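These are the residues of each chain, in order.
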Amino acid sequence: MWFKRIIYGLLGVRNREDLKDDLATFTLPKLIFLFLVLNIAFIGSIVMITRYFL
């Protein structure tokens, strides 16, 4: 749930106070998980695009 709330906050769907509360409780494992998920999504999209056009 925290992952979804942070993504929505960064996209501007939630208000600033909720995002501030989520970032205050952000821990290193959560940061690593978020980093890995975003990188996997980015790399996956690049691979899908290159397979589609090549």
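Source: prediction; values computed, not measured. (Residues numbered from 1 in each chain as written. Predicted model: local features only at pLDDT ≥ 70, side-chain atom pairs only at ≥ 80, totals over all residues. Heavy atoms only, no water.)

### Some remarks on a nonpolar patch on the surface
Here is step 1: Together, Leu-28, Leu-31, Ile-32, Phe-35, Leu-36 and Ile-40 make up an exposed nonpolar region whose accessible area comes to about 630 Å².
Here is step 2: Take Ile-40: it is sitting in helix H3 (residues 28–53).
Here is step 3: The exposed category is assigned to Ile-40, whose relative accessible area is 61%. (Patch = residues over 30% accessible without salt bridge, like charges linked within 9 Å, V, L, I, M, F, W, Y side chains within 5 Å. Areas by Shrake-Rupley, 256 points an atom, 1.4 Å probe, with all protein chains shown as cover. Salt bridge = Lys/Arg side-chain N within 4 Å of Asp/Glu carboxyl O. Helix = DSSP H or I, 4+ residues; strand = E, 2+ residues; numbered from the N terminus. Buried < 20%, exposed > 50% of the residue type's maximum accessible area, 1.4 Å probe, protein only.)

### Structural notes on the packing of aromatic side chains
Here is step 1: If you walk through the whole model with that rule in mind, you get one aromatic pair.
Here is step 2: When the ring of Tyr-52 is compared with that of Phe-53, the centres are 4.9 Å apart and the planes differ by 80 degrees; the resulting orientation is edge-to-face. Comparing Tyr-52 with Phe-53 shows no difference in burial state: the two are exposed. (Phe/Tyr/Trp six-rings, centres within 6.5 Å; stacked < 30°, edge-to-face > 60°.)

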